[in-house]
Amino acid sequence: MNAEKRRQIFGRLRDANPSPTTELVYRTPFELLIAVILSAQATDKSVNKATAGLFAAASTPEAILALGEDGLKTHVRTIGLFNSKAKNIMKTCAMLVSEHDGEVPRNRQALEALPGVGRKTANVILNTAFGEPTIAVDTHIFRVANRTRLAPGATPLAVEQKLLRHVPKEFRKDAHHWLILHGRYVCIARKPRCESCLISDLCEHPDKLSASPG
DNA sequence: AACTCGGGGCA
DNA sequence: TGCCCAGAGTT
């Protein structure tokens, strides 16, 4: 795919989603960090419900440490993988206080050193909280990249690196949001809405409903 | 690369 | 009911 074609593709995705935004509820980088840690293998709706009462009660690492793990669990509605997530959140809050002055660090190495934070979560924080042009490859983006042969790769890291190489610079900062929204609402896992797909000319997936390229 | 943790949302 | 979810950590 040449550069002009790529520019067209991301232009279409941008026009379909004019205002990139996360659907997780948060007000600060710290709240986003907690929300994203909780979001592993869970939907954003589940996370929003789970955290509905939490940030009003505790919105800083110090406040969550003061709650303790049991107290944290009383303020967070149960969610998948909750035991490990709660433990990781407590450890992460402790590290934020002891090593980062209670602030969310802005560099990848420090973020990934936090328990419960891997490459994907670090990319979300860097992009959404700090405005850096990272691409967090979640299950949606991984699916879109491979179905459409936009950036086929065996691992999320491979997909991320291809996207970073191939996304035109003027689209790079918001590409993450457009791709994930496309995956969530159009290129759905089970029943893709191919009739609404603006990039079906790239699709090589067997589930593709409409025939053929534009 | 494969496996495990896991309850909620949704068709 | 079965599939899927803004994954990370371990083996």
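Predicted model, so just to flag it, every value in this text is computed and none were measured. (Residues numbered from 1 in each chain as written. Chains lettered and ligands numbered in written order. Predicted model: local features only at pLDDT ≥ 70, side-chain atom pairs only at ≥ 80, totals over all residues. Heavy atoms only, no water.)

Chemist: Give me the protein's contact with DNA strand B: which residues, what numbers.
Modeler: Residues in contact with DNA strand B, as listed here, are Gln-41, Lys-45, Ser-46, Lys-49, Thr-78, Ile-79, Gly-80, Leu-81, Asn-83, Ser-84, Thr-155 and Arg-190. A breakdown of the atoms of DNA strand B within 4 Å of the protein gives sugar and phosphate a share of 53%. At 2.6 Å, a backbone N or O of Gln-41 approaches a base nitrogen of DNA strand B. The contact in question runs from a phosphate oxygen of DNA strand B to an N or O atom on the side chain of Lys-45, over 2.9 Å. Of all the elements in the fold, those that place two or more residues in the surface near DNA strand B are α3 (44-50) and α6 (82-100). With three residues, the top contributor of residues to the surface near DNA strand B is α3. (Near = heavy atom within 4 Å. Polar contact = N/O pair within 3.5 Å; in protein donor to acceptor, adjacent residues only side chain to side chain. Helix = DSSP H or I, 4+ residues; strand = E, 2+ residues; numbered from the N terminus.)

Chemist: Help me get a handle on the pattern of salt bridges, residues and values and all.
Modeler: Overall, the coordinates contain 14 salt bridges when judged by the stated rule. Lys-5 is the partner of Asp-201 in a salt bridge, and the nearest nitrogen-oxygen pair spans 2.5 Å. Of the two residues, Asp-201 sits in the segment after α11 (169-185) while Lys-5 sits in helix α1 (residues 3-16), which places them 196 residues apart along the sequence. Residue classification places Asp-201 among the buried positions, given a relative accessible area of 17%. For Lys-5, a relative accessible area of 22% puts it in the partly exposed group. The closest approach of N and O atoms between Glu-132 and Arg-106, which form a salt bridge, is 3.2 Å. (Salt bridge = Lys/Arg side-chain N within 4 Å of Asp/Glu carboxyl O. Buried < 20%, exposed > 50% of the residue type's maximum accessible area, 1.4 Å probe, protein only.)

Chemist: Tell me about the protein's contact with DNA strand C, and please be specific about residues and values.
Modeler: In the vicinity of DNA strand C, 28 residues are found, and the nearest of them are Thr-22, Gly-116, Thr-121, His-140 and His-176. Contact distances for DNA strand C include 2.7 Å between a phosphate oxygen and a side-chain N or O atom of Arg-143. Here a base nitrogen of DNA strand C sits 2.8 Å away from a polar atom, N or O, in the side chain of His-176. Of all the secondary-structure elements, those providing two or more residues to the surface near DNA strand C are α8 (119-129), α9 (139-147) and α11. Element by element, the count of residues in the surface near DNA strand C is highest for α8, at four residues. For the surface near DNA strand C, the class distribution of residues is ten nonpolar, ten polar and eight charged. (Nonpolar A, V, L, I, M, F, W, Y, C, P; charged D, E, K, R; others polar.)

The values reported here are purely geometric and, on their own, carry no functional implication.
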